[in-house]
Amino acid sequence: PQCPVCRASIGKPQGHSPSGTMTVSVKPTRCAGFHVDSIFIAYNIPSGVQMNYHEHPGRRHGGKRANAYLPNNVYGKNLLKRLTYSWLQGLSFTVGTSFTTGIADQCTWASVHHKTSTHGGAQGHGYPDPDYFGNCNRELDSLGVPSAQE
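Residues numbered from 1 in each chain as written. Predicted model: local features only at pLDDT ≥ 70, side-chain atom pairs only at ≥ 80, totals over all residues. Heavy atoms only, no water.

> Looking at this structure, I do not really get the environment of Gly-63. What am I missing?
As for its position among the elements, Gly-63 is in the loop between β4 (60-61) and β5 (64-71). Taking the C-alpha atoms as reference, Gly-63 lies 17 Å from Asn-52; in sequence the two are 11 residues apart. Filtering out sequence-adjacent residues up to four positions away, Gly-63 remains in contact with Ile-45, Pro-46, Ser-47 and Cys-107. (Helix = DSSP H or I, 4+ residues; strand = E, 2+ residues; numbered from the N terminus. Contact = heavy atoms within 4.5 Å.)

Okay, structure coming up:
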């Protein structure tokens, strides 16, 4: 959050993600366009009950399992630090209507894009995508996520 007058940061950002797990490992699979192994991120958010900060408090929400990939290089490792912070602050997912299915009360991606495939290009949510690191870092900047060096 920011001060409305001076725009200074006020505390850590806080999102509305339901509880779950984020597991990180390295896989021998390569992201298209990179000649290194992949960082594999597995998110698992079980179904549960919406909290008071969700659209329908007390109502059940669907869970979500999602995987994401980063190249295992300095850019991928730095972005992983920021994505981990985003996850810990509840900024990666939210509860709402799924853009994919149109079903309400589902755990859905929030405002940080992830690559869910090692190939297929930008239109397939995969690599290669020369704009991905810049776009994703700008999204994280807009949410107040510290840089990887902080």
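> Would you take a moment to explain the packing of aromatic side chains for this structure?
Inspection of the entire model under this criterion finds 11 aromatic pairs. Residues Tyr-43 and Trp-87 carry aromatic rings whose centres are separated by 5.3 Å and whose planes lie at 45 degrees to one another, so their mutual orientation is tilted. In this pair, Tyr-43 is assigned in strand β2 (residues 38-45) and Trp-87 in helix α1 (residues 74-88), connecting sequence segments 44 residues apart. Residue classification places Trp-87 among the buried residues on the basis of a relative accessible area of 12%. (Phe/Tyr/Trp six-rings, centres within 6.5 Å; stacked < 30°, edge-to-face > 60°. Buried < 20%, exposed > 50% of the residue type's maximum accessible area, 1.4 Å probe, protein only.)

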